[in-house]
Amino acid sequence: MNTPCKSGATTLLLAACVGLLSSGTPLAGASFTWDADVSTSGVQDGSGTWNTSTAVWWNSSADVAWPNTSSSDAVFGNNGTAGTITISGSITVQSLTFNPVASSNYSLTGGTINLGGTPVITTSANATIGSVLTGAVGFTKAGSGTLSLSNPFSTGGGTVTINGGKLTFLSSATFSSTRALAITSGTVESAGTLFLNVSTSVNPSFDIVGTGMLRLTSNTNNASNPDIYFGSNHSGTSFWGARLDANLDLGNTQRYVYGKTGHNGVGQFGLGSADCQLNGSISGSGGLTFIAQNSLSDMEVPFVLSKANSFTGPVEIQRGSLYISNTAALSQANVLTLDPTIGNNARFFLDG
């Protein structure tokens, strides 16, 4: 059966429409544009369901069903009114592109999005993904817009690289030596808890790196729900460390840093192998509260500030040890308080 060309689509090539015969079967390894209303001429923005059976994807010649391959790219946005896309089941895709729209922003919700191939998520317009993201190779965030992830982000492997705009974690996010966050440029904002995992084989585990900015934005953080969580627990005779190696903006709020790790002491392994390392420049008017999991006499949790910082809020040690390896890590603006509860230790060391 002949499938008529859909006139008015921005991706339409006239030559491709002349004499075109289509069976309605999508071709893998191509770009497909979301079409919310197949009965109206031209690619239409709007809400709908993304599955593998309904022909709502424009391939420059016809509306086809999603091919569900790791080499297929999904495009949203044709200067219309964006909507909510509900993922049905599990969808496999290589890249996602969110183009400018006239109003609203696209939101993907439900189901699972499995990123394959060489994934790039480009936001020329702001977009939110609430679906579960999986994949073994991470992804690259490109474009000047904001990508917001509202589902806890922890599954899969590979590096998440930020090459522009803003990536916002509206919930928790977990990173490790096998799932690192590289802020090459742009900004990452965290409104939940950042879990930075130690490694059994890489020391230290560079969980977050880059010259961009990591900004903490939670308004409900506290000792039980910290902004940064170093973990998990491990043997006290080992020296597994986790490092935040990017610049950190505290905002104007006291931030909580929790260390659930075991360590046999900086004296034995050195600051470079300390469990909980903040190795970027820290700014903002907020402060830092450090809380270790325990105060066992033979196991401490060392937190390390190793760069010149400009943040002006108070520094509180409720439990554990804070090491300063840079003379400009703290200033007169930072009021230091050692505030352990009964049976706990709070210690402060100048190193170097």
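Asks: Tell me about the nonpolar core, and please be specific about residues and values.
Replies: In terms of nonpolar packing, the biggest core is built from 68 residues, with Trp-50, Trp-57 and Phe-76 touching the most fellow members. In this structure, Phe-76 is in contact with Trp-34, Trp-50, Trp-57, Ile-85, Leu-96, Thr-97, Phe-98, Asn-99, Tyr-106 and Leu-108, ignoring residues within four places of it in sequence.

Asks: Any details on the pairing of strand 18 (residues 181-190)? Residues and values, ideally.
Replies: Working note: regular strand, side chains alternate between the two faces of the sheet. Burial runs high along strand 18: seven of the ten residues are buried. The pairing of strand 16 (residues 160-169) with strand 18 spans eight bridges and is classified as parallel. If you follow Ile-162 over to strand 18, its bridge partner there is Ile-183.

Asks: Lay out the environment of Phe-32 in plain terms, naming residues and giving numbers.
Replies: Within the element layout of this structure, Phe-32 appears in strand 1 (residues 31-34). For the pair Phe-32 and Trp-66, spaced 34 residues apart in the sequence, the C-alpha separation amounts to 8.1 Å.

Asks: Describe in detail the side chain of Glu-189, supporting the description with residues and values.
Replies: Locating Glu-189 in the fold gives a position in strand 18. Among the residues examined, Glu-189 registers a relative accessible area of 14% and is labelled buried. Within the local environment of Glu-189, its side chain forms a polar contact with the side chain of Lys-166, the two groups lying 3.5 Å apart. Once you skip the residues sitting within four places of it in the chain, Glu-189 turns out to touch Lys-166, Leu-167, Thr-168, Phe-169, Arg-215 and Thr-217.

Asks: A description of the pairing of strand 8 (residues 95-98) should follow, citing residues and the corresponding values.
Replies: As judged from the four bridges shared by strand 5 (residues 73-76) and strand 8, these two strands associate in the parallel manner. Paired with Ala-74 across the bridge in strand 8 is Leu-96. As defined by bridge partners, strand 8 adjoins strand 11 (residues 120-123) across three bridges and the pair is classed as parallel. Counted as the bridge partner of Phe-98 is Thr-123 from strand 11.

Scoring rules and cut-offs
- Along every chain, residues carry numbers that run from 1 in the direction the sequence is written.
- Selection of residues for local features in this predicted model requires a pLDDT of at least 70, selection of side-chain atom pairs for listing and counting requires 80 or more, and totals for whole chains, interfaces and linings are taken over all residues.
- The basis for every side-chain value is the complete set of heavy atoms in the structure, and neither hydrogens nor water enter the calculation.
- We define a nonpolar core as any set of buried Ala, Val, Leu, Ile, Met, Phe, Trp, Tyr and Cys residues linked to one another through side-chain atoms lying within 4.5 Å.
- Remark: exposure states derive from per-residue accessible area (1.4 Å probe, protein chains only) relative to the maximum for the residue type, with buried under 20%, exposed over 50%, and partly exposed in between.
- Residue contacts follow a heavy-atom distance rule, with two residues in contact if any of their heavy atoms lie within 4.5 Å.
- Comment: elements are numbered from the N terminus, with helices defined as DSSP H or I runs of at least four residues and strands as E runs of at least two.
- DSSP-based pairing: two strands are paired if at least 2 bridges between them are found.
- The term polar contact refers here to a pair of N or O atoms within 3.5 Å; inside protein, the definition further demands a hydrogen-donor-capable atom paired with an acceptor-capable atom, and it admits residues adjacent in sequence only when both atoms are side-chain atoms.

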